[in-house]
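Letter by letter, the chains look like this.
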Amino acid sequence: MTKPTFFKHLGGLFLAVFLLTGAASDTELALVQSAAAQQAGEVPGNTLGTSSDSDFWRQIRQGQQGQVSIPNAQAGVLIQSEGDNWRAFRNGPLSLYGAWALLGILILLSLFFILRGRIKVEHGMSGKLIERFNSVERFAHWLTATSFVVLGLTGLNVLYGRYVLLPVIGPDAFSVITIAGKYLHNYIAFAFMVGVVMMFVMWVKHNIPNRLDLIWLAQGGGLFSKGVHPPSKKFNAGQKLIFWSVIIGGASISASGIALLFPFELHMFGKTFGILNMFGANLPTDLTVMQEMQLSQLWHSIVGIGLIVIIVAHIYIGSIGMEGAFDAMGSGLVDENWAKEHHSLWVEEVQARQASSGAD
Ligand code: HEM
């Protein structure tokens, strides 16, 4: 006889004795029945009082807190189905489409380079230099740029490292790199935030959209054909798009990053969904702190990949893609002919300013 069957029979025997002797009250009967069933391994036993076992298990299955006596309320949630959804989305579509986006931009830029080649200064270098960015502007740019590159690489390692790096370098080296990467990512994030704020303060006035931007966009910025140079002030429409992507994307990735850095403290998604619902969206606002964390993680990754795709294109055009461009952020000085071809109205403004200060 197996152990549970033995206990069942034992319980039955006790029950029969109680019934025969007439000594058992209803409560005693329930206690004996539940003790026997508990011994038989069927139900949690008599800890539930009069409530049903199925209610108890249903509440656990639905992730309700307070069903077990673990003091930490978070740890007291034994089953959390949203966690499965989060993991499936992160390891599924997010990683897959993210990889395609990253590969896609590299393929597009390679094709662009093959077909268009390096965009040359068509009138040749004049030898005359104009200051484009002062040292504070360049400091802000390189602070943002270097921190972004570190954040991008360490972030990609968290998402893809186990598939790409781990099989190549092995678990020991991967572990060291990933732990170091985590600390770099968490601390260098603040340098990135400082850089984004500085760029915003210095350049926002040059990035307000205007009608010239439509002309620039209609002509593809002259990037696709030789001899086309749509007029532009300090920043053209393409650069304005980069600027606003960095500012809005940078603010959003910073906010979701802070939510991940200080777990369970911020409740941004419920509040944001509440605002979106005012415009007709039908999103849940009553999110648990765990769901808030899951959404922060997914949003952080989506914005991160989006920004990396945009910035890879920016790095291309600011380095090998266009002759004379890098100097703007390198030495801060650009050739006058480069400036006339890409920012004709800005050159006129600079020359007018120089003429008026020379006349003073
Ligand atoms: C790491 C390699 C990078 C290179 C070689 C590079 C190069 C450049 C150059 C040459 C300019 C000046 C363009 C001009 O004179 O009109 C510029 C501007 C700018 N860069 Fe970068 N950059 C890099 C990374 C980044 C990163 C990571 C960010 C932000 C996350 C960034 C954000 C900007 C912004 C907002 C501007 C002004 C708008 C624009 O020109 O698009 N850059 N960059």
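Anyway, here's the lowdown on the structure attached to this text.

Cut-off values and rules
Residues numbered from 1 in each chain as written. Predicted model: local features only at pLDDT ≥ 70, side-chain atom pairs only at ≥ 80, totals over all residues. Heavy atoms only, no water. Helix = DSSP H or I, 4+ residues; strand = E, 2+ residues; numbered from the N terminus. Buried < 20%, exposed > 50% of the residue type's maximum accessible area, 1.4 Å probe, protein only. Contact = heavy atoms within 4.5 Å. Axes fitted to C-alpha atoms, helices over the stretch in contact; angles between N-to-C directions. Parallel < 35°, antiparallel > 145°, perpendicular 65-115°, else oblique. Nonpolar A, V, L, I, M, F, W, Y, C, P; charged D, E, K, R; others polar. 1 Å grid on protein atoms, 1.4 Å probe; cavity = no way out; pocket = protein on both sides within 12 Å on 5 of 7 lines; lining within 4 Å. Points joined across faces, edges and corners; volume = space filled by probe spheres on them. Donors = N, O, S within 2.8 Å, 3.2 Å for Na, K, Ca; no water. Tetrahedral: all angles 85-135°; square planar, octahedral: opposite > 155°, others 65-115°. Near = heavy atom within 4 Å. Polar contact = N/O pair within 3.5 Å; in protein donor to acceptor, adjacent residues only side chain to side chain. Core = buried A, V, L, I, M, F, W, Y, C linked by side-chain atoms within 4.5 Å. Phe/Tyr/Trp six-rings, centres within 6.5 Å; stacked < 30°, edge-to-face > 60°. Lys NZ or Arg CZ within 6 Å of the ring centre and 35° of its normal.

Quick look at the overall build of the protein now. Within the protein one finds 13 helices and 2 strands. Classification of the 360 residues of the protein by burial places 33% in the buried group. Partitioning the contacts of the protein with sequence separation of at least 6, the portion at a separation of at least 24 is 72%.

Take the environment of Lys233 next. By secondary structure assignment, the location of Lys233 is in the loop between helix H7 (211-218) and helix H8 (237-261). As for Lys233 and His343, which are separated by 110 residues in sequence, their C-alpha atoms are 5.4 Å apart.

Before going further, it helps to examine the packing of helix H4 (residues 81-116) against helix H10 (residues 289-318). Orientation of H4 relative to H10, taken along the N-to-C sense of each, is 5°, at an axis distance of 10 Å. Judged on the interaxial angle alone, H10 and H4 are roughly parallel. Of the residues belonging to the contact of H4 with H10, the class tally is 18 nonpolar, 6 polar and 2 charged.

Once that is clear, we can look at the layout of surface pockets. Think of a ball as big as a water molecule: rolled over the atoms, this probe shows where empty space is left. In this model, the second largest pocket occupies a volume close to 960 Å³. What lines the second largest pocket is a set of 36 residues, and nearest its centre among them are Gly155, Val158, His185, Leu260 and His300. Mapped onto the lining of the second largest pocket, the elements with two or more residues apiece are H4, helix H5 (135-164), helix H6 (166-203), H8 and H10. Looking at side-chain class alone, the lining of the second largest pocket contains 19 nonpolar, 15 polar and 2 charged residues.

Enumeration according to the criterion identifies 1 cavity of 30 Å³ or more in this entry. In this model, the largest cavity occupies a volume close to 40 Å³. Residue lining of the largest cavity: Ala259, Leu266, His267, Met268, Glu292, Met293 and Ser296, and that is the complete set. The element that contributes the greatest number of residues to the lining of the largest cavity is H10, accounting for 3 residues. The class makeup of the residues in the lining of the largest cavity is 4 nonpolar, 2 polar and 1 charged.

What follows deals with the coordination of the iron atom of the ligand. Bound to the iron atom of the ligand on the protein side are His141 (NE2) and His314 (NE2), at distances that span 2.0 Å. Geometry at the iron atom of the ligand is octahedral, judged from its 6 donor atoms and the angles of 86 to 179° they form at the metal. Of this pair, His141 sits in helix H5 while His314 sits in helix H10, and the two are 173 residues apart along the sequence. Under the relative-accessibility criterion, His141 is labelled buried at 14%.

Here we come to the site of the ligand. Near the ligand, the surroundings consist of 23 residues, among which Arg132, His141, Gln239, His314 and Ala328 are the closest. His141 is positioned with one of its side-chain polar atoms (N or O) 2.8 Å from a nitrogen atom of the ligand. Elements that contribute at least two residues to the shell around the ligand include exactly H5, H6, H8, H10 and helix H11 (326-330). The greatest single-element share of the shell around the ligand, amounting to 5 residues, is contributed by H5. By residue class, the composition of the shell around the ligand is 16 nonpolar, 6 polar and 1 charged.

Now for the nonpolar core. Considering soluble globular proteins, one finds that nonpolar side chains tend to be buried as a cluster. The biggest cluster of nonpolar side chains holds 42 residues, and the ones touching the most others in it are Ile130, Trp203, Val334, Trp338, Ala339 and Trp346. Going through the elements one at a time, H4, H5, H6, H8, H10, H11, helix H12 (336-342) and helix H13 (344-359) are the ones with two or more residues in this core. Here Trp346 is in contact with Ile130, Glu131, Arg132, Ser232, Lys233, Lys234, Val334 and Ala339, once residues within four sequence places are set aside.

Our focus in this paragraph is the packing of aromatic side chains. Per the counting criterion, the structure on display carries 12 aromatic pairs. Here Trp142 and Phe326 contribute two aromatic rings whose centre-to-centre distance is 5.9 Å and whose plane-to-plane angle is 45°, an arrangement assigned as tilted. A residue pair is termed long-range when its members are at least 10 positions apart, and Trp142 in helix H5 and Phe326 in helix H11 qualify at 184 residues. Accessibility expressed as a relative area gives 44% for Phe326, which makes it partly exposed. Feature note: the residues Phe112, Phe113, Phe224 and Tyr316 constitute an aromatic cluster, connected by ring pairs. For Arg132, the ring lying beneath its charged end belongs to Trp346, and the centroid distance is 4.8 Å. The lysine or arginine in question, Lys182, covers the ring of Tyr183, its NZ or CZ lying 5.1 Å from the ring centre.

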